[in-house]
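Residue-level listing of the chains:
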Amino acid sequence: MTAFCWTIFLLATLCRKTGGQFLDLKNITARDAFLSGTLPDGFLWGTATAAFQIEGGWDSGEKGPSIWDWYSHLPQNVPWGDVATDSYHKYKEDVQMHVNTSLNSYRFSISWPRLFPDGTNTVINQYGVDYYNNLINELQNNGIEPLVTLYHWDLPQKLKERYGGWVNDTLVELFENYARFCFTTFGDRVKYWTTFNEPWSFVAAIGDFNDDPDYTMRYKMAHNVIRAHARAWHTYDDDFRSAQNGSVGIVISSIWGEPADLHSPADRQAATNYMEFFFGWFANPIIGNGDYPDVMKRMVRESRLKQNQTVSPLPEFTEEEKVYNKGTTDFLGINTYTARIISATNETQTCHPDNHNFASACGYMPDLMGVKETVGPGWFYMGSNIFWFAPWNIRGILHFVRERYGYTKPFYLSEVGIGETYKYHSPPNLNDTWRMCFYMTYANEALKAVKLDGVDLRGFYAWTLMDNVEWGSGPDLAFGLYHTNFTHPSRKRTPKRSQGLYGSIARENGFPDNAIHVRMTREWWQWCHMNEAYAPTRHGYMEPTNKKMTAFCRAIFMLAVVCHKTGGQFLDLKNITARDAFLSGTLPDGFLWGTATASFQIEGGWDSGEKGPSIWDWYSHLPQNVPWGDVATDSYHKYKEDVQMHVDTGLNSYRFSLSWPRLFPDGTNATINQYGVDYYNSLINELKNNGIEPLVTLYHWDLPQKLKERYGGWVNDTLVELFENYARFCFTTFGDRVKYWTTFNEPWSFVAALGDFNYDPDYTMRYKMAHNVIRAHARAWHTYDDDFRSAQNGSIGIVISSMWGEPADLHNPADRQAATNYMEFFFGWFANPIIGNGDYPDVMKRMVRESRLKQNQTVSPLPEFTEEEKVYNNGTTDFLGINTYTARIISATNETQTCHPDNHNFASACGYMPDLMGVKETVEPGWFYMGSNIFWFAPWNIRGILHFVRERYGYTKPFYLSEVGIGETYKYHSPPNLNDTWRMCFYMTYANEALKAVKLDGVDLRGFYAWTLMDNVEWGSGPDLAFGLYHTNFTHPSRKRTPKRSQGLYGSIARENGFPDNANHVWMTRQWWEWCHMDEAYAPTRHGYVEPINNVRPTQPAPCPPVSTAPAAQSLMFTGILGILVVLVAFCSP
């Protein structure tokens, strides 16, 4: 069946009732079908916890011991509760975890001995009062409704020692005193109270740790618990309700007992009897007639007569007590996890795991007769033979209670959860798909109970927030949405995948049709009703077969795996689930968000105001070309609009470049163009007046043409001094306002790929060009350091580009070395002299020499730095700009690589690194390309390259991601496609990787610059390669700019400084996350527009702010090279 087959039903079949109190749930197709829709407004979504299981601080602040403290300190036990998850100290983190999961309620319990150390009000522990006040206030300050349980099994040990526990009538009054104190102290803020959690469990299964072989004490305990509940309810009703306007209920647990044959009166009666012993024992006195169920009274009496006991151990309520008990709840909390098939039998049942007789035959209901518990033949168990997958138990029990007791008040599902056996010291498995399936199915049953059965259900609480101390099992039974590291002193918490899924259900208030988690639920639905889905609770992890991971699958991290390092300089990014997971959070304060541009690509005014020509002006005016740069986007005249576009996009920085020939028309300081000076002064002032920080690049490839004609360009040593003069002028003229400078943008690109338009068949000139560029950079840095830094207090760096070269096999030394070599030729060629040892990488020097010897060249074309130059070069950067767009998989090879698009050997085999040997570039089979075979979607390349640089070179200064962007082939005269969802996906994923680099890898990253502000002149490609956040109309005389959808999304990321959980764009990012990691998302870069499926939530505000404006910049290597390669082949060929 497809997802849609599951959603079509005969509602009459779904709702058909047989036997009044039993829903007919035998039609499996109808029963298990998915239902879309939402819960009523005001529905509460939360998690549930218990004081002993999470608080710790067992003897902190004058707290008294509980019976569970006593038990856990017995010699044979481990006192896990002493610290538990340390919520006594980490309550703010607990609250934040609720905020991060988008929950609006939290059900927790108060520890009686934390408030009353000896169980009485003679001594009150003010530390405990303060703790709960702080917790409640923190919840309320974050818009989270507390639902507070007065008793979740942690009886004060002093009351056990003095009175024997609940078996003694005195505890009724003592509990009333305790409840009154809580209502008085916290009731001004707590509007939902429950008296007891699961009395069946702590009475029938635990019995206050009393020796009670014949169950007599348990019946007496239950009697006093019911009386204590009634007293507490009346206390609130009489003395607090009118002033506090709250409500008091009780939480009762039950396995759902489903008749084996709905048409068999005997089976229906057996199931009724089962439910009366399990549920009615505590429910009937409160929501029934004030007394125990008649069938229970009869069976206990008959059972004991068979044992020659003439007096029933079941106490009797007086007539006054029955009246007093009846109706003592404002709502009913139901804890339910599983179900049993109940049939009538005359056979004696034995307690054995394979019989599933958990309740009826294992001593917990010894007087229940004539009942056999089984499970359906197609059922499957979750972790143990107690828990069998049966989400429909929710509908069964809610309907039963309503019909059996005529109950008309509200219900809350106060605990619903799934656990797995887990050794606390083992590595955590955060890929808890079984828990995701559990909450998909169980929460959907809650929706059905409301929509199909008309139940007044008002809340759903997951058990539990985080892995905790599961009573006698300690931390080895894990139920949490968060993993708790019990080996870590601070009990570090890490979200599991289920946390994101459950948070989405809560945010959407159920399963509205167009929510992305509903798409995922439909895809997983059939698998979630199969045994294999829950196998990991017993024997390891399994992923749904052929199920695409959604945003929520990716939202939860295996942080240990994500951060795991292999080979030192290489992050282990092979675990795709961990690698591609979404991370919420913000970047550090002061983080710079901007766009990057280049003067030739945007300014225009190519000959305005005495500007001299650049080599790109010369090139674009060749007869075969179109001189798009003459006007470009006309930023020479429209700079104020450029700045306003940044303001409208919410950016705080703009990276642009100065045009050397606009300031020095012939490249020397012999003539200074004042018009150019005025233009840049006006631009910088406009930026500063709008609170936008300029990051200024001195050289973005537009070499003065006069220097090319006179000296041949960068191949000539003279340019080192001329560049220093130009840099000095810029520092002098603009440095009072510019605090961030970069000398060169992507020297690899303009040297290796462009070569100043020189004919250089053997690459000799390029090595010489690179040598002079490095020397010129060092001269400019020292000029600033010596003559300007102290007065201007700025910083100066360089922008280096690189694809990220990821080893094919991280554990293969040959592949790691091949990837290192690749990175040294691509990145280290310019980086090692500046942030390494002042010289070229050793591997590069060796390989160039060996490569040339094979060509009978005895002298290496790679120049040498003198020892003085090495010292002079080393450390000449205050920060490092990284331009990175994509990645390659690198493997070692002895085969000669050929240049062919399908081989992906862009760098190593296409003439750009001719002396790099033994390297093969590929991409993974599952990768997908964005517009061309150069650009492959690989957002994790950001983390890979930043980590590599830090580890390889021991680099400790700041990084800036100075260019990150995505382009699409586009005919400038075609109607624009402003619905650039692919670019939105790109910035969601790439910006999130920047966040991971900071949060997970500890990189000192301080800025992120989108390439680019607006569609511009992409070098040799002209306007036919579009990277902008704004569309530029190149057919319009004024180059009209129009925001694309990506402008709003990127602006939202910038305004929020990343991905804080409650930001609207984070909701959208989570919704789109899976789709953004699929090939179809980027198909429009190749062949048209595709919209994410079900990505719009009509009842919510637009996920992105209104589109407005933004800035831009781009690198030859990754964008213009698509066009440049074509023209260079024609121009540079002999």
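Here, every reference points to the structure presented above.
Residues numbered from 1 in each chain as written. Predicted model: local features only at pLDDT ≥ 70, side-chain atom pairs only at ≥ 80, totals over all residues. Heavy atoms only, no water.

1. Quick notes on the overall build of the chain
Applied cut-off: For helices the rule is a DSSP run of H or I covering at least 4 residues; for strands it is a run of E covering at least 2, with both sets numbered from the N terminus onward. Under the scheme applied here, a residue whose accessible area is under 20% of the maximum for its type counts as buried, over 50% as exposed, and between as partly exposed, the area being computed with a 1.4 Å probe on protein chains only. Using the Shrake-Rupley algorithm and a 1.4 Å probe, accessible areas are obtained, with residue cover drawn only from the displayed protein chains.
Helices and strands together make up the secondary structure of the chain, namely 43 helices and 38 strands. Scored against the burial criterion, the 1134 residues of the chain give a buried share of 66%. Summed over its atoms, the accessible surface of the chain is roughly 36,800 Å², and 51% of this surface lies on carbon and sulfur atoms.

2. Some details on the packing of aromatic side chains
For any pair of aromatic rings, geometry is given as the distance between the ring centres together with the angle between the planes. What counts is decided by this rule: The pairing test for Phe, Tyr and Trp rings, Trp by its six-membered ring, is centres within 6.5 Å, and the orientation test on the planes gives stacked under 30 degrees, edge-to-face over 60, and tilted for anything in between. For a lysine, the NZ atom is tested; for an arginine, the CZ atom; a charge sits over a ring if that atom is within 6 Å of the ring centre and within 35 degrees of the ring normal.
The full count for this structure, using the stated rule, is 136 aromatic pairs. Taken together, a centroid distance of 5.6 Å and an interplanar angle of 40 degrees make the contact between Phe570 and Phe948 tilted. With Phe570 in strand 21 (residues 570-571) and Phe948 in helix 38 (residues 941-953), this residue pair connects regions lying 378 residues apart in the sequence. For the pair Phe570 and Phe948, a shared accessibility class is recorded, and that class is buried. Between Trp616 and Phe757 the ring centres are 5.1 Å apart and the planes differ by 70 degrees, which places this aromatic pair in the edge-to-face class. Pair noted here: Trp616 is in helix 26 (residues 615-620) and Phe757 is in the loop between helix 32 (747-754) and helix 33 (764-787), with a separation of 141 residues, a long-range link. For Trp616, a relative accessible area of 1% puts it in the buried group. For Phe757, a relative accessible area of 4% translates into the label buried. An aromatic cluster is present here, built from Phe43, Trp45, Phe380, Phe389, Phe438, Tyr439, Tyr442, Phe460, Tyr502 and Tyr534 joined pairwise through their rings. Residue placement shows Arg31 over the ring face of Trp392; its charged tip is 3.4 Å from the ring centre. We note Arg579 situated over the ring of Trp940; from NZ or CZ to the ring centre the distance is 3.4 Å.

3. Some points on the side chain of His517
Stated formally: Throughout this description, a polar contact denotes any pair of N or O atoms lying within 3.5 Å of each other; where both atoms belong to protein, one of them has to be capable of donating a hydrogen while the other can accept it, and for residues adjacent in sequence the pair is counted only when both atoms sit in side chains.
With respect to the helices and strands, His517 occurs in helix 20 (residues 516-524). A polar contact of 2.8 Å, which involves the side chain of His517, links it to the side chain of Ser504.

4. Examining the nonpolar core
What counts here: As used here, the term nonpolar core means buried Ala, Val, Leu, Ile, Met, Phe, Trp, Tyr and Cys residues forming a set that is joined through side-chain atoms within 4.5 Å. By definition, residues are in contact when any of their heavy atoms lie within 4.5 Å.
Core analysis: the largest hydrophobic core is formed by 178 residues, its most contacted members being Leu658, Trp714, Trp741, Trp829 and Phe1008. Among residues more than four places away in sequence, those in contact with Trp741 are Leu658, Val696, Leu698, Cys730, Phe731, Phe734, Gly735, Tyr784, Ser795, Ile796, Gly797 and Phe879. Phe34, Ile144, Ala270 and Ala443 belong to the second-largest nonpolar core, a separate cluster that totals 170 residues.

5. Some thoughts on helix 32
In terms of burial, helix 32 is a largely internal element, 8 of the 8 residues being buried. Listed in full, the buried residues belonging to helix 32 are Pro747, Trp748, Ser749, Phe750, Val751, Ala752, Ala753 and Leu754.

6. Here's the deal with the sheet that holds strand 27 (residues 795-801)
Here is the rule: DSSP-based pairing: two strands are paired if at least 2 bridges between them are found. Axes, fitted as lines to C-alpha atoms, cover a helix only where it is in contact. Angles between the N-to-C directions of the axes lie from 0 to 180 degrees.
Taken in spatial order, the 8 strands line up as 23-24-25-26-27-29-32-34 and close into a barrel, and their pairing is parallel. Within the sheet, the average angular offset between the axes of one strand and its neighbour, ignoring direction, is 25 degrees. Where strand 23 (residues 592-596) lies against strand 34 (residues 1005-1010), 4 bridges are found, and the strand directions are parallel. The partner of Gly594 across the bridge, within strand 34, is Tyr1009. Most of the contacts of helix 38 go to strand 32 (residues 959-964), to which it runs at about 145 degrees, and overall it touches strand 29 (880-883), strand 32 and strand 34.

7. Structural notes on the state of the cysteines
The criterion, for reference: In what follows, a disulfide is any cysteine sulfur pair within 2.5 Å.
Under the definition given, this model contains 2 disulfides. Here Cys437 is linked by a disulfide to Cys528, with a sulfur-sulfur distance of 1.9 Å. Judged by the sign of its S-S torsion, about -70 degrees, the cystine formed by Cys437 and Cys528 is left-handed. Highlighted residues: Cys437 in helix 18 (residues 433-451) and Cys528 in the loop between helix 20 and helix 21 (536-539), separated in sequence by 91 residues. Exposure class is identical for Cys437 and Cys528. Each is buried. At a sulfur-sulfur separation of 2.0 Å, the disulfide partner of Cys985 is Cys1076. In this structure, the disulfide formed by Cys985 and Cys1076 twists by about -70 degrees around the S-S bond and is classed as left-handed. With Cys985 in helix 39 (residues 981-999) and Cys1076 in the loop between helix 41 (1064-1072) and helix 42 (1084-1087), this residue pair connects regions lying 91 residues apart in the sequence. Under the relative-accessibility criterion, Cys1076 is labelled buried at 0%.

8. A few points about the pairing of strand 4 (residues 44-48)
For a regular strand, the rule is simple: side chains alternate between the two faces of the sheet. Most of strand 4 sits inside the fold, with 5 of its 5 residues counted as buried. Burial along strand 4 is two-sided: Leu44, Gly46 and Ala48 and Trp45 and Thr47, pointing in opposite directions, are all buried. As paired strands, strand 4 and strand 5 (residues 105-109) are joined by 3 bridges and run parallel to one another. Residue pairing for strand 5: Thr47 is matched across the bridge by Tyr106.

9. Remarks on the sheet that holds strand 4
Remark on secondary structure: sheet strands pair via backbone hydrogen bonds, oriented parallel or antiparallel. The strand order around the closed barrel built from 8 strands is 4-5-6-7-8-10-13-15, with neighbouring strands paired in parallel fashion. Averaged over all adjacent pairs, the angle separating strand axes in this sheet is 25 degrees, with direction ignored. The pairing of strand 7 (residues 192-197) with strand 8 (residues 247-253) spans 4 bridges and is classified as parallel. Within the sheet, the bridge partner assigned to Tyr192 lies in strand 8 and is Ser247. The sheet contacts of helix 8 (residues 126-141) involve strand 5 and strand 6 (145-151), and relative to strand 5 the element is tilted by about 170 degrees. In this fold helix 14 (residues 265-287) packs onto strand 8 and strand 10 (332-335), with an angle of close to 160 degrees to the strand it touches most, strand 8.

10. Details of helix 15 (residues 294-306)
The criterion, for reference: In this analysis, the expected span of each helix is defined as 1.5 Å times one less than the number of residues it contains. In this description, the arc belongs to the directions extending from the helix axis to the C-beta atoms.
With 13 residues, helix 15 extends 19 Å between its outermost C-alpha atoms, agreeing within 8% with the 18 Å of an ideal straight helix rising 1.5 Å per residue. Buried within helix 15 we find Val295, Met296, Met299, Val300, Ser303 and Arg304. Across the axial projection of helix 15, the buried residues extend over an arc of 150 degrees, all falling on one side. On the buried face of helix 15, the contacting elements are helix 12 (216-239) and helix 14. Within two residues after helix 15, Asn308 carries a phi angle of roughly 65 degrees, on the positive side.

11. Considerations on the packing of helix 32 against helix 35 (residues 813-835)
For the record, the criterion: The cut-offs work like this: below 35 degrees is roughly parallel, past 145 is roughly antiparallel, 65 to 115 is roughly perpendicular, and the gaps in between are oblique. Each crossing is labelled by how the near helix is turned from the far one, with a counterclockwise turn of less than a right angle marking it left-handed and a clockwise turn marking it right-handed. Three classes are used, and their members are as follows: Ala, Val, Leu, Ile, Met, Phe, Trp, Tyr, Cys and Pro are nonpolar, Asp, Glu, Lys and Arg are charged, and the others, Gly among them, are polar.
The interhelical angle for the contact between helix 32 and helix 35, taken along N-to-C directions, is 120 degrees, at an axis separation of 10 Å. One finds that helix 32 runs oblique with respect to helix 35. Remark: the crossing between helix 32 and helix 35 carries right-handed chirality. Counting all contacts with helix 32, which are made through Pro747, Trp748, Val751 and Ala752, the residues of helix 35 involved are Phe825, Phe826, Trp829 and Phe830. In the contact of helix 32 with helix 35, the residues fall into 8 nonpolar, no polar and no charged.

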